[in-house]
Amino acid sequence: MALKDLSPRQMVQITGAWLDPERERPRLVSLKRCAPLIDDIEEAHEGVLKSHRRQKKAGDERSAIQQRQVVVDQIHDRKARGAHAVLTGFADLADDPEDAAIYLEIRDQLFADGLKFIGASYSDEAGEVKLARDRLTPESKAALRALPTPGGNLLKAVQSWFAAGDELGKLDAQRIHLSAEDRPGAADPRGGQLRARNRWIKVVRSVLQMLELEGADEETARRLLAPLQREAAKAERRRSGGKDKEESDVEGGAPPDAGEPAIDEGAPATGVD
């Protein structure tokens, strides 16, 4: 019976049946060797649930961050292009060469390499904003404040560009942090999905070993093993590429969980003397 082929959905189906007072829990409790494993079963069951709740929460948060990044990046690019174009335009319109030189100098302070950074990564755009803010002199800020734009002045537009770049940097840092947390054994030292799956497998092996030593009657053994055998058969059909009619009709034919980490089937069972 290949426990490694079971999906998290199937795992919680199996241990859910064992823990349900209306189903198989009374039978487990009645067996002196299996009863002490109830706490382990509950812990393993909840571990699988929690690991996937964390994954869903992290996935939802990443999706929200990415959607916000798209919106903020549009503001960032629009404000940067507009500021560059306005300064270039004022320089072209200025009749006094000194005024034209001032506008071009301010433009070069803000855009040392032109608009190449637009279209770069969010973190690069955020970094460019930090550099541009540092290059801008107090005199240039005063000149920008004196240039009118729809809804205010050019300094206000430049500050909107800066603010968008800062937010892009913060959002990207949040996204990277979430990605690091989602890696098993990285930000979460207690585990993640891999550890939850391994723990579940060890506990289930212990139950099977204790059930064999218990010498339970045929009906008890059949009822306790039925959930595991049923889900293992589904997993085997799925692995071999066969159509699982029960899953298709009852559960909508959902595919196995994608991207699940490998299971250490060689790990020793817990709770066994």
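Below is a summary of the structure that appears in this document. For clarity, every value in this text was computed on a predicted model and none was experimentally measured. (Residues numbered from 1 in each chain as written. Predicted model: local features only at pLDDT ≥ 70, side-chain atom pairs only at ≥ 80, totals over all residues. Heavy atoms only, no water.)

Take the environment of Gln10 next. Positionally, Gln10 belongs in helix H1 (residues 8-19). By relative accessible area, which is 1% here, Gln10 ends up buried. When the C-alpha positions of Gln10 and Glu231 are compared, they lie 6.1 Å apart, and in sequence the two are 221 residues distant. (Helix = DSSP H or I, 4+ residues; strand = E, 2+ residues; numbered from the N terminus. Buried < 20%, exposed > 50% of the residue type's maximum accessible area, 1.4 Å probe, protein only.)

This part is about the packing of aromatic side chains. Taken as a whole and assessed by the stated rule, the structure comprises five aromatic pairs. Ring centres of Phe117 and Trp161 lie 5.9 Å apart, and the angle between their planes is 20 degrees; this geometry places the pair in the stacked category. A residue pair is termed long-range when its members are at least 10 positions apart, and Phe117 in the loop between helix H4 (97-110) and helix H5 (122-135) and Trp161 in helix H7 (residues 154-181) qualify at 44 residues. The burial state of Phe117 is the same as that of Trp161; both residues are buried. Here the aromatic cluster, defined as three or more aromatic residues joined through ring pairs, consists of Phe111, Phe117, Trp161 and Phe162. (Phe/Tyr/Trp six-rings, centres within 6.5 Å; stacked < 30°, edge-to-face > 60°.)

What follows concerns H1. In this model, H1 (12 residues) spans 16 Å end to end at C-alpha, consistent with the 16 Å of a helix rising 1.5 Å per residue. Buried residues of H1: Pro8, Gln10, Met11, Ile14, Thr15, Ala17, Trp18 and Leu19, and no others. (Expected span 1.5 Å × (residues − 1).)

Let us now look at a negative patch on the surface. On the surface, a cluster of negative charge is made up of Asp95, Asp96, Glu98 and Asp99. Checked against the element boundaries, Asp99 lands in helix H4. (Patch = residues over 30% accessible without salt bridge, like charges linked within 9 Å, V, L, I, M, F, W, Y side chains within 5 Å. Areas by Shrake-Rupley, 256 points an atom, 1.4 Å probe, with all protein chains shown as cover. Salt bridge = Lys/Arg side-chain N within 4 Å of Asp/Glu carboxyl O. Lys, Arg positive; Asp, Glu negative; His and termini not counted. Charge placed at Lys NZ, Arg CZ, Asp CG, Glu CD.)

Remember, this is a structural readout, not a statement about activity or role.
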